[in-house]
Amino acid sequence: MLRWLCSSWGTFTASEIAAVEQLCLSHHRLGAGGVLGDLRSEAGYDAFVAYLACIDKTAQALGLEVAPRAYREQFSLNYKALFPDCARHLRVDVLEASIEQQSEIWVNGEQFELSADARRHAQLLQEAWAELGALLGRWHAAWAAQASGQPLPGGSAAAAVAAAGAQRPAR
C-alpha cells in the first residue's frame, strides 16, 4: 500500500481521499503510532483491531491488489481456520508476534521455532508498519493544517504529504 500511495499523489478520487483520511484518524487514535503496551490492554487491542480493519478497507477503496498468499495452502487446519482464503485477514496477534521478534512462539501449548525466513518477514512487516505510520502521520498533520486554514504546498493535504514523502530517506 505504501508504495502505491507514494507513487500516486494527485490522482485520488474523493472517496479514496476519504478512506485515507479515515485511516489517518484511526492511526492517530493509536497515539504515537501504537505502542506494544497499549496492544496488550483490552482498549488498545480493540483500537488495533479497528486500525487493521481500516487498513484493509482503505486498501480495498484504493483498489490495491492482495499479495499472493498461495503459501497458506501449506498451513495446518488450525491456521487455515484463521486464514481460510487468500484475503488479507490482518490480525493483531500476527502484528504482535512481529513486534516481539521472538525466535519461537507457543500455539495451544506447543512450542514452534520460527524459521529465519519467518523472522525476516517479521522484520519487513515492522519496517512497512513504521513507514505506513510515518506517512499517515504526515498526511494527518497536513490534513489538520489544511483544516485550520494554514497554506499547504500545492494547495492540498495530498500535495503536502507528497512533498513530505519526497524528503524521506531512501531505503
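**Describing the environment of S26**
And step 1. You can see S26 is positioned in helix α2 (residues 14-30).
And step 2. Overall, the relative accessible area of 7% leaves S26 in the buried class.
And step 3. Here the alpha-carbon distance between S26 and I55, two residues 29 residues apart in the chain, equals 9.0 Å.
And step 4. When residues no more than four places from it in sequence are discounted, the contact partners of S26 are A50, Y51 and C54.

**Concerning the pattern of salt bridges**
And step 1. Taken as a whole, this structure holds three salt bridges when the rule is applied.
And step 2. A salt bridge links R88 to D56; the nearest nitrogen and oxygen atoms lie 3.2 Å apart. Pair noted here: R88 is in the loop between α5 (77-82) and α6 (92-100) and D56 is in helix α4 (residues 42-61), with a separation of 32 residues, a long-range link.
And step 3. Note on R88: relative accessible area 14%, which makes it buried.
And step 4. For D93, the salt bridge is made with R91, and the minimal N-O distance between the two is 2.9 Å.
And step 5. Looking at R91, the relative accessible area reads 27%, which means it is partly exposed.

**Looking at the packing of α2 against helix α7 (residues 116-147)**
And step 1. One can describe the packing of α2 onto α7 by two numbers: an axis separation of 9 Å at closest approach and a directional angle of 105 degrees. Relative to α7, α2 is oriented roughly perpendicular. Of α7, the residues touching α2 (which contributes I17, V20, E21, L23, C24, L25, H27 and H28) are G133, L136, G137, W139, H140 and W143.

**Here's the deal with unusual backbone geometry**
And step 1. With a phi angle near 50 degrees, H89 is a residue other than glycine that sits in the positive phi range.
And step 2. Within the element layout of this structure, H89 appears in the loop between α5 and α6.

**A few points about the nonpolar core**
And step 1. Counting residues in each nonpolar core, the largest one holds 20 residues, and the members touching the most others are L23, F48, Y51, I55, W129 and L136.
And step 2. Secondary structure elements with two or more residues in this core: α2, α4, α6 and α7.
And step 3. Considering each element in turn, this core owes the most residues, six residues, to α4.

**Concerning the environment of E16**
And step 1. Take E16: it is sitting in helix α2.
And step 2. According to the relative accessible area criterion, E16 is buried, its value standing at 12%.
And step 3. Sequence separation between E16 and A59 is 43 residues, and the spatial gap between their C-alpha atoms is 9.3 Å.

**As for the pairing of strand β2 (residues 110-113)**
And step 1. Here strand β1 (residues 104-107) runs beside β2; their pairing, made up of four bridges, is antiparallel. Looking across to β2, one finds that E104 is bridged to E113.
And step 2. Where β1 hands over to β2, the hairpin turn is made up of two residues, of which N108 adopts a positive phi near 50 degrees.

**A word on the confidence of the model for the protein**
And step 1. On average, residues of the protein score 78 in pLDDT, and 78% of them are at 70 or above.
And step 2. Between the elements of the protein, mean pLDDT differs from a low of 48, seen in helix α1 (residues 2-7), to a high of 91, seen in α4.
And step 3. Here residues 163-171 is a poorly scored stretch, pLDDT under 50, and it has seven contacts once near neighbours within four places are set aside; other chains count.

**Description of α4**
And step 1. For α4, with 20 residues, the first-to-last C-alpha span of 28 Å sits near the 28 Å given by 1.5 Å per residue.
And step 2. All buried positions along α4 are accounted for by G44, F48, Y51, L52, C54, I55, T58 and A59. Here the buried residues of α4 occupy an arc of 160 degrees about the axis, which is enough to place them on one side. Residues of α4 that are exposed and angled more than 90 degrees away from the buried face: E42, A43, K57 and Q60.
And step 3. Phi turns positive one or two residues past the end of α4, at G63, with a value near 70 degrees.

Rules and cut-offs
Residues numbered from 1 in each chain as written. Predicted model: local features only at pLDDT ≥ 70, side-chain atom pairs only at ≥ 80, totals over all residues. Heavy atoms only, no water. Helix = DSSP H or I, 4+ residues; strand = E, 2+ residues; numbered from the N terminus. Buried < 20%, exposed > 50% of the residue type's maximum accessible area, 1.4 Å probe, protein only. Contact = heavy atoms within 4.5 Å. Salt bridge = Lys/Arg side-chain N within 4 Å of Asp/Glu carboxyl O. Axes fitted to C-alpha atoms, helices over the stretch in contact; angles between N-to-C directions. Parallel < 35°, antiparallel > 145°, perpendicular 65-115°, else oblique. Core = buried A, V, L, I, M, F, W, Y, C linked by side-chain atoms within 4.5 Å. Pairing = 2+ DSSP bridges. pLDDT = per-residue confidence, 0-100. Expected span 1.5 Å × (residues − 1). Arc of directions from axis to C-beta.

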